[in-house]
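Listed below, chain by chain, are the residues.
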Amino acid sequence: MPRAQQQPGRSGTGPASAVQSVDRAVSVLEILARRGEAGVTEIAAELGVHKSTAFRLLGVLENRGLVAQAKDRGKYYLGAGVLRLAGAAAVRLDISQEGVPVCRDLADELGETVNIAVLDDDAAVNIMQARGTAAVTAQNWLGRRTPLHATAGGKVFLAHMAPALREDHLSRPLHRFTEHTVTGASVLRGELETAIERGYAATLEELELGLAAVAAPVRAHDGTVIAALSVSGPVYRLNPDRLPEVGSRTATAAAELSRRMGYGF
């Protein structure tokens, strides 16, 4: 059905116009997903817009890799960028499913809170949580964005990301959450090297006073670090003497989850 015409006096550059453009762009992707491929004329007709509008939408989507054009036929189809986005979503779904038994077993064994976090731009986001019998607090970390430099999971991501991206992050001012937060780039680099060597990262009261944590990398089939498996608890239980034991056990569990994700086959 053709879209409603723009009202007189509207510039077409405001928030409403931007939302309409986003809606149309998503509609283009849905059309191509349904048809397999389509030309500008077909897309314009289904959207109820002029061919020039459809062409501009396709141009933007093509620049972002979300659609591609078969030059010999003039038809458009979904591009590799869609596969990249779908793959990222699939990884989150897969790791959530495969991580359930690993997290529960680790939480039961150690008695502490276990989380799985994924990297989201410049933060770690917790997508799964299991509480052990000793985890008396009801703090919920699910969906919470946490800083990379002040969390065990975040340090895992920093340690294993591309050097240029890591240096870009470390070049920014690092917020101090407690008196124990590491805000010096050189000190943090040393901690990241240690995390790679021993197989896990650790924090002691760097995000919140009284909280300690360890985390280990979870890898995809190609070895890429796609998540961090962490164990957190109060410092009176996760003290410096116990952290190596908990860190080693966390690294073993992360390796098991990596195996479930296809790594090592």
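Our structure's up above, just so we're on the same page.
On a predicted model such as this, the values are computed, not experimentally measured, just so you know.

**Student:** Is there a simple way to think about the environment of Pro 101 in this case?
**Tutor:** Here Pro 101 lies in helix 4 (residues 80-110). In the structure, Pro 101 is positioned 156 residues away from Leu 257 in sequence and 9.2 Å away in space, judged by C-alpha atoms.

**Student:** Explain helix 6 (residues 163-170) to me, please; I cannot follow it from the model alone.
**Tutor:** Within an α-helix, residues lying three or four positions from one another point in the same direction, as the helix has 3.6 residues per turn. When we look at burial in helix 6, the residues that qualify are Arg 166, His 169 and Leu 170. With its buried residues spanning 95° around the axis, helix 6 presents them on a single face. In this structure, helix 6 carries Ala 164 and Leu 165 as exposed residues pointing more than 90 degrees from its buried face. On its buried face, helix 6 is in contact with helix 5 (152-160) and helix 7 (185-198).

**Student:** Could you clarify how one ought to interpret the side chain of Thr 250 in this entry?
**Tutor:** If you trace the backbone, Thr 250 turns up in helix 8 (residues 243-260). The exposure class of Thr 250 is buried, given its relative accessible area of 0%. The residues contacting Thr 250, other than those within four sequence positions of it, are Leu 106, Val 214, Ala 215, Ala 216, Leu 229 and Val 231.

**Student:** Looking at this structure, how should I read unusual backbone geometry?
**Tutor:** Apart from glycine, the bulk of residues carry a negative phi angle, and the bulk of peptide bonds sit in the trans form. Located in the positive-phi region is Asp 121, a residue other than glycine, with phi close to 65°. Following the sequence through the fold, Asp 121 ends up in the loop between strand 3 (113-120) and strand 4 (123-130). Exposure remark for Asp 121: the relative accessible area of 67% places this residue in the exposed category. Positive phi values are uncommon outside glycine, yet Glu 205 reaches one of about 60°. Tracing the sequence through the fold places Glu 205 in the loop between strand 6 (201-204) and strand 7 (211-219).

**Student:** What is the right way to look at the nonpolar core in this model?
**Tutor:** The tendency in soluble globular proteins is for nonpolar side chains to be buried side by side. Within the largest apolar cluster, 29 residues are counted, with the highest numbers of intra-cluster contacts made by Ile 95, Ile 116, Val 218 and Leu 229. Only helix 4, strand 3, strand 4, strand 7, strand 8 (225-234) and helix 8 provide two or more residues apiece to this core. Of all hydrophobic cores here, the second largest spans 21 residues; its members include Ala 124, Leu 148, Val 156 and Ala 228.

**Student:** Just to check I follow, could you spell out the pattern of salt bridges for this structure?
**Tutor:** Side chains that differ in charge, positive against negative, can pair when their charged atoms come close. By the definition in use, this model includes 18 salt bridges. When the shortest N-O distance is used, the salt bridge between Glu 42 and Lys 75 registers 2.7 Å. Here Glu 42, found in helix 2 (residues 40-47), pairs with Lys 75, found in strand 2 (residues 75-78); they are 33 residues apart in sequence, far enough to count as distant. The class of Lys 75 is partly exposed, set by a relative accessible area of 25%. Where Arg 259 meets Glu 256, a salt bridge forms, and the shortest distance between an N and an O atom there is 3.0 Å. Note that Arg 259 and Glu 256 are positioned in helix 8 at a spacing of 3 residues, about one turn of the helix. Assessed through its relative accessible area of 40%, Arg 259 is described here as partly exposed. In this structure Glu 256 comes out as partly exposed when scored by relative accessible area, which is 28%. Beyond isolated ion pairs, a larger network of salt bridges with shared partners links Arg 34, Arg 35, Glu 42, Glu 46 and Lys 75.

Cut-offs used in this document
Residues numbered from 1 in each chain as written. Predicted model: local features only at pLDDT ≥ 70, side-chain atom pairs only at ≥ 80, totals over all residues. Heavy atoms only, no water. Helix = DSSP H or I, 4+ residues; strand = E, 2+ residues; numbered from the N terminus. Buried < 20%, exposed > 50% of the residue type's maximum accessible area, 1.4 Å probe, protein only. Arc of directions from axis to C-beta. Contact = heavy atoms within 4.5 Å. Core = buried A, V, L, I, M, F, W, Y, C linked by side-chain atoms within 4.5 Å. Salt bridge = Lys/Arg side-chain N within 4 Å of Asp/Glu carboxyl O.

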